[in-house]
Amino acid sequence: MTSQGSQWTRHSVVEADISTAVDGSREAGRTERDVPGHAQASRQPQATPGQPAPDDEPLQITMSPYFGTPDFSGLARRRDRGARLDPVSVADLLRNGFVYAPHSIFETVKLATVGFDPEQDMHGSPEYRFMFPSSGRCREASDVGQDWVGTYHRLLCTAVSDSCADFRSPWLLQSGGKDSTPLAIAAAEVRPDTTCITYLGGSEENEVASAMFVARKLGLRHETLVCDPGRAYDRYLAIVDRMPLLTADFALLSYVDLATTILEGGGDGVIDGMGADVYFGWPMHRQERLLSWLARNMKLPRVATELPLVDRNFKLCYLLSTLQMDPVERVFPGSRFTDAEVDELFGRDIARRSKSRLELFRAELAAASNIDEWQAMASSIAGPTSSIAKGLYTTSALGLGAAYPFCDTRLRDWVYHQVPEDQLVDPVTKANKVLVRKHIATRFEELPYVARKGSFRFDLCGLARQRFDQVHAFAEQTRDVLPGAVGWLERNRGRLDNKYHASKFYLLAIVLPWLARHGGDAKAQAPQSERRMQITMSPYYGRPDFSALKAEPASKRRLDPVSAADLLRNGFVYPPHSIIEDVKLATLGFDPQQDMGGAPDYRFMFRDSGKCRKRAGAGPPLVDTYHRMLCDAVARSCSELRAPWLLQSGGKDSTSIAIAASEARSDTTCLTYLGGREENEIASATAVAQSLGLRHEILICDPGRAYDRYLAIAGRMPLLTADFALLSYVDLATTIADVGGDGVIDGLGSDSYFGVPVSRQQRLLSWLARGIRLPHFAAELPLINRSFRLSYGLTTLQMDPVERIFPGSRFTDAEVDELFGYPIARASKARLERFRRELDVASSLDEMRTMAITIEESASAFAKGLYTASALSLQVAYPFCDRRLREWVYHEVPVDQLINPVTRTNKPLVRKHIAERFGQLPYVAKKGSFRFDLCGLALSRFDQVHAYAIQAADVLPGAAGWLERNRNRVDTKYHASKFYLLAIVLPWIVQHDLDKGSTRVPDA
């Protein structure tokens, strides 16, 4: 069985497949003498003779012993420069143990294997023709007077002699079975210096006695190698970086173990008995017919074979796996990963693309004249890139020669065209290779492994026992390719004494180290559709998982310039987009089951129409229920936190959580941030904490310290937002981490379902937002540039009413186009259209404002905490996002307890909850926040940000000019706010070293 790893590696190599040249007639099997240019094992289109092909050109390799010795030299040159891996080929390996021809593990390397005409372009749409159809065989009955055995012996001796002509010391892989025994007979006559070697790999079949008997009677030296799975795996790891391509045949490790022993024993060539089945024929037995019938392409959950009782039973697991297979793929040997498991390993839908490669062979399979021929065809699809490939790749890596006497042209043509069918397969007993059995009988009586198939088995369960930790480490290294491999290994560790699960472990043991060694810098070079990542990122849906994103080098991801424009225009990236082009986010309002890379629908989750319309009754029951549910939410969200810290502003949300925390998590520490003169929350926050008996700490804003802390973690932040509280949050979170805290309690999340009323000032600003296009220097004119309100007013005139709801002073569209050096702001603004339909059907201005804030909050306020905590390895608890709490408030709390219909104050229920513990608090009546000293940042870090602007000139060529022009204006909060946005965006781009590609986007 073959298993191929999928790492995106940039090699200009063409896929190849074992193919044989065949004309349009199924009756005519073309031999290598009929194939033009058959001696040329690899071809590089348009390459100059004697010159290596350019690394960006495709490579086609004729890879079949039927066509001569393949030439892998071009691969070595390309692999050294990092080749682009084909992820679908990796899926092939995990599903089938081999890569479907004409493909290979490398995206630009194609293989012309048996069944394909090497003169065709394997990169195009090559045709597959089975080389040995039944219609081409000799139909005559055996002639009693014809010495079939004598002719066979003579041709086989010639084939052995010719194929080993260049070997000084040949070694024969001798199982004692039908194929290796005739080779031993011939070798004893033409190459008596041959050494036979037999592999004892498991208890199922012990070929040693039979093989030793054959060798001794023939006068050949015989050696035995007992399987040590640890030694075999170490030998594989020692040569994996020299293997030209990859297969995961279930005899690969046996072959590597044998070949390494041969090399160490002074041998220089391996004689392999592969190649005769395809032209002798392959009768289908009852068990194989039953398994083929059971292969029903069913879709079962990936846990089907992990259920209790089932997971310990090999036969039940094998049966469940068979039910999920295509009948053709059930012919391929071994237990492999199901389609559902492969999709889980990759973290995306890819198995069906692997399965679709089988369609290339369907027409030929459908034309099979009988079930035996169909079986032979199916087996010949796998053989070239599986059983034969294991020998070609291994001997290439070790510098050994490989001889396949059964692939000799004269021998195979004679057997196929002239030997009567009854000498190939017995028409009565269905025993195969009748002629071969007669040949053996001239020297030996009945041999156990002539009557029963011999093989080089491998101790799969022993490998799992001895090398689990090693394979697990490789899985950690290759998370960027197979993010689900670690989880599969950990989940199934206790099942690996079952050969079914151990077989899958074997496939990972082959594929993962090959990916780790050959991946280089090309792991992310897969087509865009293959590299796309989707992350469910909302505390409403659970904790987001950034592990796959963080595991991949940033240089393998591409910056999304429109998202960078989003950040400068609005302070956040419009969902479902992110700062990285191929990473999409399912935030609140998007269904995580949809493809965020397509055209997902946005639906606001908390419409007014779903709220409770009854009036609140008298008495405290609502407050009591709210308190109880909030306490439960705090306890659940902080259950994994050892030392929680509450971000306590003294406002409504954090005060309400502090009350609950004092009861549910009395070990909570409150932390308050003093960021500016406008609002001093310390008195209120201190009073709350002291009254509740909670420890309280204060952090005074130092913009230089906060910025240094941001720069220290920017390279570890998985994605980017430019929320105006980001530096405050980084400063707070770093302080928490420095003193041993392991989690942050954040009061975000309740605005979406409580609702956000529109004030008079906000109505006026929304009305002033007219989308007017003013020149970029409008806010830089004398007198205006020193007035925050005038500058803010001019900016508002240029905005969309929805975007005016988003907080802060940001760059205008004209300024953004200047920063990028080309029109891009319209492409950013166009992203708002995704949300228009929901916004347009809002029942009130309050609902419209709540929708807009929810859009922004998902990718801004929440994102700042999630990204910062991820970088600092902290956890974040959002009690207000608790499902039971939010659904109770949204569906059962009367609307007059969400927003007061008379005073228009929000969250009456929360205010009542606080009032039961405290009198009037200033930051309950007036909103509290974690402000930041924007002007102080600009004055203390201007030169540093300017240096980043120069480094990031390939993305924002106008940033340095804007900074230089406005240096004397950044002491005003309006211009300092824009400076802040650049201070966030520029170093993140520089530190992450993203692939900029062509950052210019078409004019929207």
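Residues numbered from 1 in each chain as written. Predicted model: local features only at pLDDT ≥ 70, side-chain atom pairs only at ≥ 80, totals over all residues. Heavy atoms only, no water.

This is how the line gets drawn: UniProt positions are given in the numbering used here, feature names are shortened, and annotations may be inferred rather than shown by experiment.
The name given to the chain in an unreviewed UniProt entry is asparagine synthase (glutamine-hydrolyzing), with Novilysobacter erysipheiresistens as the source organism. Recorded in UniProt for the chain, the comment headed Catalytic activity (unreviewed entry) runs: "L-aspartate + L-glutamine + ATP + H2O = L-asparagine + L-glutamate + AMP + diphosphate + H(+)".

**Some details on the environment of A685**
To keep it simple, the criterion reads: Working definition: helices are DSSP H or I runs of at least four residues, strands are E runs of at least two. Numbering for both runs from the N terminus. By definition in these notes, contact holds between two residues if any of their heavy atoms fall within 4.5 Å.
Inspection of the secondary structure puts A685 in helix α28 (residues 682-692). Residues contacting A685, with those up to four places away along its chain left out, are Q648, S649, G650, T672 and H696.

**Details of the sheet that holds strand β7 (residues 221-226)**
Using the following cut-off: Here the rule is simple: two strands pair whenever DSSP picks up at least two bridges between them. In this analysis, axes come from line fits to C-alpha atoms, helices being fitted only over the stretch in contact, and the angle between any two N-to-C directions falls in the range 0 to 180 degrees.
Taken together, the five strands give an open sheet; going across it, the order is β7-β6-β5-β8-β9, and neighbouring strands pair in parallel fashion. Only two strands of the sheet have a single partner each, and these edge strands are β7 and β9 (401-403). Across this sheet, the average inter-strand angle for adjacent strands is 30°, counted without regard to direction. Taken together, the six bridges between strand β6 (residues 195-200) and β7 define a ladder with parallel strand orientation. Across the sheet, residue T195 finds its bridge partner in β7, namely R221.

**So, the pattern of salt bridges**
Rules: Whenever Lys or Arg places a side-chain nitrogen within 4 Å of a carboxyl oxygen from Asp or Glu, that contact is recorded as a salt bridge.
This model, assessed by the stated rule, comprises 54 salt bridges. Of the charged contacts in the structure, one is a salt bridge between R831 and D566, with a shortest N-O distance of 2.7 Å. Of this pair, R831 sits in the loop between α36 (825-830) and α37 (836-840) while D566 sits in helix α25 (residues 561-570), and the two are 265 residues apart along the sequence. Within this structure, E306, D311, E344, R491 and R495 form a network of salt bridges that share partners.

**So, the sheet that holds strand β14 (residues 695-700)**
In space, the five strands of this open sheet follow the order β14-β13-β12-β15-β16, with parallel pairing throughout. Each edge of the sheet is formed by a strand with only one pairing partner; in this case those strands are β14 and β16 (875-877). For this sheet the average axis-to-axis angle between neighbouring strands, irrespective of direction, equals 30°. Each of β13 (669-674) and β14 touches α28; the most contacted strand, β14, lies at about 165° to it.

**Looking at the packing of aromatic side chains**
For clarity, the threshold we go by: Any two of the Phe, Tyr and Trp rings considered here, Trp counted by its six-membered ring, make a pair once their centres fall within 6.5 Å; the pair's planes then place it as stacked at under 30 degrees, edge-to-face at over 60, or tilted in between. Burial classification: accessible surface area is computed with a 1.4 Å probe over protein chains only, and a residue below 20% of its type maximum counts as buried, one above 50% as exposed, and the rest as partly exposed. Two limits define a charge over a ring: the Lys NZ or Arg CZ must be within 6 Å of the ring centre, and within 35 degrees of the ring normal.
Here the structure, examined in full by the defined rule, presents 42 aromatic pairs. A ring pair is formed by F606 and Y890, whose centres lie 5.2 Å apart and whose planes are at 85°; its orientation type is edge-to-face. Separated by 284 residues along the polypeptide, F606 in the loop between β11 (583-586) and α26 (621-637) and Y890 in helix α40 (residues 883-892) bring together distant segments of the chain. The same class applies to F606 and to Y890, which are both buried. In this structure an aromatic cluster arises from ring pairing among Y540, F604, F606, Y753, F754, F862, Y878 and Y890. In this structure, R296 packs its charged tip against the face of W293, placed 4.5 Å from the ring centre. Directly above the ring of F314 sits K499, whose terminal nitrogen or CZ lies 5.1 Å from the centroid.

**Description of the side chain of Q423**
The following threshold applies: The definition of a polar contact used here is a pair of N or O atoms within 3.5 Å, where within protein one atom must be able to donate a hydrogen and the other to accept one, and adjacent residues in sequence count solely through side-chain atom pairs.
Among the secondary structure elements, Q423 is positioned in the loop between α17 (409-418) and α18 (434-441). Separated by 3.1 Å, the side chains of Q423 and K438 make a polar contact.

**So, the environment of S134**
Following the sequence through the fold, S134 ends up in the loop between β4 (109-112) and α3 (148-163). With 282 residues separating them along the chain, S134 and Y416 place their C-alpha atoms 9.1 Å apart. For S134, the residues in contact, after removing those within four places along its chain, are R139, S369, N370, E373 and E421.

**Digging into helix α10 (residues 314-323)**
Regarding α10, the residues found buried are C317, Y318, S321, T322 and L323. At its buried positions, α10 is contacted by α9 (286-294), α11 (327-331) and α22 (499-518). A distance of 3.0 Å separates the backbone nitrogen of K315 from a side-chain oxygen at the start of α10, and that oxygen is part of N313.

**Section: helix α27 (residues 652-664)**
Short version of the rule: By this rule the span expected of a helix is its residue count minus one, scaled by 1.5 Å.
In this model, α27 (13 residues) spans 18 Å end to end at C-alpha, consistent with the 18 Å of a helix rising 1.5 Å per residue. Most of α27 sits out of view: 11 of its 13 residues are buried. Within α27 the residues assigned to the buried category are K652, D653, S654, T655, S656, I657, A658, I659, A660, A661 and S662.

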